[in-house]
Amino acid sequence: MRPTFDGVLFFPVTPFTDSGSVDFDALARHVAKGVEAGPGGVFIACGTGEFHAMEEHEFGEVVRTAVEVAAGRVPVYAGAGGSVAHAERFAKSAKESGADGLLLLPPYLVEVPQAGLIDYTRAVAGATDLPVIVYNRNNARFTEASAVAVAKIDNVIGFKDGTGNLDMVARIVQAVTDEVDPDFLFFNGLPTAETTQQAYRAIGVPLYSSATFAFAPDLALAFYDALEAGNDELANALLRAFFQPLVRLRDTVPGYAVSLVKAGVTMAGIPAGPVRPPLVMPTPEDLTQLQSITAAGRAVLADALSQAV
């Protein structure tokens, strides 16, 4: 069944203890806090959630925790990817743990021909009856033809772009909506997607993932509401003060797209612990900068709210 994603999409981190195990109590509090803020859906154990670093038994319990906390209030989708065998096992585990659907992450490492990408998607989608959103990024880059082919798979319902190639994505949107399903779902999946969402909306991609929602849901929701209301002044002010500086900081170190978010969750009051190797945590200087950037965004929001009174 096709879900209704109405609002910002929440991609939780996976809290770890100092010894490296999953902190399920912190995870439950993190997901609960996010769901209470009002996202359109929860995407658990995906990129921001360090899917790449999880064992299967951890993954199943992480998904189960999110499902229990969400309690049917919003859809819960889980990541699956890597080798085809690994992805199929994780897809089945997500189903057993109560997930509402899957985000299919790229296969591991190898160069991927288009025919093989279609076969990979078909194999993982066929492992369960869960709805599947395919992720177009890294070594899993779809063309118009391959996107149409996978969109015709019965339980593939969506396409998430992480390439930033707007020319190709615009053509894929047109091809899939014309040839397969005018209601097919399209998502902007670039890191810190807010900085590009105005452009994605213009080519027919209305949904986006927000890593920011994990640690600053007030800013993520304010930006989303500004876009929906056509309040370009507030949207652009938030871009200048918060989102664009965050991207500049994120781009200084590979993997900061995850570890800055995890640090932000800890700053917001839920100890998220360290990232797992090969990612690294932000330096003290970068943590200070993250605090300053977040404060600047909230100052913009406070000013906007005071003017609205």
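For the structure itself, consult the block above.
First, a word on scope: everything that follows refers to the structure included in this document.

Conventions used here
- Residues numbered from 1 in each chain as written.
- Predicted model: local features only at pLDDT ≥ 70, side-chain atom pairs only at ≥ 80, totals over all residues.
- Heavy atoms only, no water.
- 1 Å grid on protein atoms, 1.4 Å probe; cavity = no way out; pocket = protein on both sides within 12 Å on 5 of 7 lines; lining within 4 Å.
- Points joined across faces, edges and corners; volume = space filled by probe spheres on them.
- Helix = DSSP H or I, 4+ residues; strand = E, 2+ residues; numbered from the N terminus.
- Nonpolar A, V, L, I, M, F, W, Y, C, P; charged D, E, K, R; others polar.
- Axes fitted to C-alpha atoms, helices over the stretch in contact; angles between N-to-C directions.
- Parallel < 35°, antiparallel > 145°, perpendicular 65-115°, else oblique.
- Left-handed = near helix turned anticlockwise from the far one by under 90°.
- Contact = heavy atoms within 4.5 Å.
- Salt bridge = Lys/Arg side-chain N within 4 Å of Asp/Glu carboxyl O.
- Buried < 20%, exposed > 50% of the residue type's maximum accessible area, 1.4 Å probe, protein only.
- Pairing = 2+ DSSP bridges.

Looking at empty space enclosed by the protein
Right, on to step 1. Counting across every chain of the model gives two cavities of 30 Å³ or more.
Right, on to step 2. By volume, the largest cavity is sized at about 90 Å³.
Right, on to step 3. What lines the largest cavity is simply H30, K33, G34, F213, A214, F215, A216, P217, V265, A268 and I270.
Right, on to step 4. Top contributing element to the lining of the largest cavity by residue count: helix α1 (residues 24-37), with three residues.
Right, on to step 5. Within the lining of the largest cavity, the residues separate by chemical class into eight nonpolar, two polar and one charged.
Right, on to step 6. Space inside the second largest cavity adds up to approximately 40 Å³.
Right, on to step 7. For the second largest cavity, the full set of lining residues is L104, L105, P106, P107, L117, Y120, T121, V134, Y135, A140 and F142.
Right, on to step 8. Looking at the lining of the second largest cavity, the elements that each hand over two or more residues are α4 (114-125) and β5 (132-136).
Right, on to step 9. It is α4 that contributes the most residues to the lining of the second largest cavity, three residues altogether.
Right, on to step 10. Looking at side-chain class alone, the lining of the second largest cavity contains ten nonpolar, one polar and no charged residues.

Here we look at the packing of helix α8 (residues 217-229) against helix α11 (residues 284-308)
Right, on to step 1. Contact geometry of α8 with α11 gives a least axis separation of 10 Å together with a crossing angle of 50°. Taken together, the axes of α8 and α11 lie oblique to each other. The chirality of how α8 crosses α11 is left-handed. Residue-level contacts link D218, L219 and A222 of α8 to T294, G297, R298 and L301 of α11.
Right, on to step 2. Its residues assigned to classes, the contact of α8 with α11 shows three nonpolar, two polar and two charged.

Examining the pattern of salt bridges
Right, on to step 1. Counting across every chain of the model gives eleven salt bridges.
Right, on to step 2. The residue R122 makes a salt bridge to D119 at a minimum N-O spacing of 3.7 Å. One end of the pair is R122 and the other is D119, both in helix α4 and three residues apart, which spans about a single turn.
Right, on to step 3. Among the residues examined, D119 registers a relative accessible area of 49% and is labelled partly exposed.
Right, on to step 4. In this structure, the salt-bridge partner of R171 is E144, at a minimum N-O distance of 2.8 Å. A residue pair is termed long-range when its members are at least 10 positions apart, and R171 in helix α6 (residues 166-179) and E144 in helix α5 (residues 144-151) qualify at 27 residues.

Side note on the sheet that holds strand β1 (residues 9-10)
Right, on to step 1. Taken in spatial order, the eight strands line up as β1-β2-β3-β4-β5-β6-β7-β8 and close into a barrel, and their pairing is parallel.
Right, on to step 2. Bridge count between strand β6 (residues 156-161) and strand β7 (residues 185-188): four bridges; the pairing is parallel. Note that in β7 the partner of F159 across the bridge is F186.

Examining the side chain of E50
Right, on to step 1. Along the chain, E50 turns up in the loop between β2 (41-44) and α2 (56-70).
Right, on to step 2. A residue is classified by how much of its surface remains accessible, and E50, at 0% relative accessible area, is buried.
Right, on to step 3. Setting aside residues no more than four positions away along its own chain, E50 makes contact with T14, F16, V258, K262, P274, V275, R276 and L279.

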